[in-house]
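# Chain and residue survey
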Amino acid sequence: MPDANNRPDQLDSPVVARIIKYGSRVQTWVYRATDGRIGGKWRIGSGFRRPVPTLLLDHRGRRSGRWFTTPLLYLGHGADLVVVASQGGLPRHPQWYRNLLAHPDAVVQVGAEVRPVRARVATGAERSGLWTRLVDLYADFETYQAWTDRTIPVVVLEPR
């Protein structure tokens, strides 16, 4: 079981935030250029042996109104896609999550397919069931939860 006392100190460094930001930009560019053939699987951490599928989430900024793109790991759940606002166990929710709370209509790209979605936050028993499946998909989510005091949100992206 992961332990909050083992949380890497460097997670709070502004350098980590910049690495995430620029790494996401590169992954987005490559993903779009190859329709997800490159960048469509996450192979870091627990995803090294069991790669995890990724999608691109296009979402509207809550203050600026501009569109942003964020690559995210996802779980297929029927017609829905499920994503996790873990941000690697950082203490604050990621921007994309706060943007979806303000503007739940978004667009995802999975491979070459682009589709409109509406986001909602899973709660209660639904969240618990999805969380179990998400940790099975990518075990590091459990570690990230142990590293932060916030409850990591589980977001369901429903077709619209």
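For the structure, see preceding data.
Every value quoted in this text rests on a predicted model; they were computed, and no experiment measured them.

Buried within helix 2 (residues 95-102) we find Trp 96, Tyr 97, Asn 99 and Leu 100. Viewed end-on, helix 2 has its buried residues packed into an arc of 160°, placing them on one side of the element. Where helix 2 is buried, its residues meet strand 2 (52-60), strand 3 (67-73), strand 5 (80-84), strand 6 (105-110), strand 7 (113-121) and strand 8 (154-159).

Summed over the entire model, instances satisfying the criterion amount to 6 salt bridges. In this structure, Arg 118 and Asp 105 form a salt bridge, with 2.6 Å as the shortest nitrogen-oxygen distance. With Arg 118 in strand 7 and Asp 105 in strand 6, the pair connects residues that are 13 residues apart, well separated along the chain. Given the relative accessible area of 29%, Asp 105 is considered partly exposed. Measuring nitrogen to oxygen at the nearest pair gives 3.7 Å for the salt bridge that ties Asp 105 to Arg 160. With Asp 105 in strand 6 and Arg 160 in the segment after strand 8, this pair connects stretches of sequence that are 55 residues apart. One continuous salt-bridge network, built from bridges that share partners, spans Asp 105, Arg 118 and Arg 160.

What follows is about the packing of aromatic side chains. Aromatic ring pairs are defined here through the distance separating the ring centres and the angle between the ring planes. If you walk through the whole model with that rule in mind, you get 6 aromatic pairs. Relative to Tyr 144, the ring of Tyr 138 lies with its centre 6.3 Å away and its plane at 55°, an arrangement referred to as tilted. The residues Tyr 138 and Tyr 144 share a single accessibility class, namely buried. Residue classification places Tyr 144 among the buried residues on the basis of a relative accessible area of 15%. Here the aromatic cluster, defined as three or more aromatic residues joined through ring pairs, consists of Trp 131, Tyr 138, Phe 141, Tyr 144 and Trp 147. Over the aromatic face of Trp 131 sits the side chain of Arg 127, whose NZ or CZ is 4.8 Å from the ring centroid.

Here we come to the pairing of strand 6. Pairing analysis gives 3 bridges linking strand 2 to strand 6, with the strands arranged antiparallel. Bridged to Leu 57 within strand 6 is Val 108. Pairing of strand 6 with strand 7 involves 6 bridges; the strand directions are antiparallel. Along strand 7, the bridge assignment pairs Val 108 with Arg 115. Hairpin connection of strand 6 to strand 7: 2 residues between the antiparallel strands, including Gly 111 at a positive phi of 65°.

The rules behind the values
- Residues numbered from 1 in each chain as written.
- Predicted model: local features only at pLDDT ≥ 70, side-chain atom pairs only at ≥ 80, totals over all residues.
- Heavy atoms only, no water.
- Buried < 20%, exposed > 50% of the residue type's maximum accessible area, 1.4 Å probe, protein only.
- Helix = DSSP H or I, 4+ residues; strand = E, 2+ residues; numbered from the N terminus.
- Arc of directions from axis to C-beta.
- Contact = heavy atoms within 4.5 Å.
- Salt bridge = Lys/Arg side-chain N within 4 Å of Asp/Glu carboxyl O.
- Phe/Tyr/Trp six-rings, centres within 6.5 Å; stacked < 30°, edge-to-face > 60°.
- Lys NZ or Arg CZ within 6 Å of the ring centre and 35° of its normal.
- Pairing = 2+ DSSP bridges.

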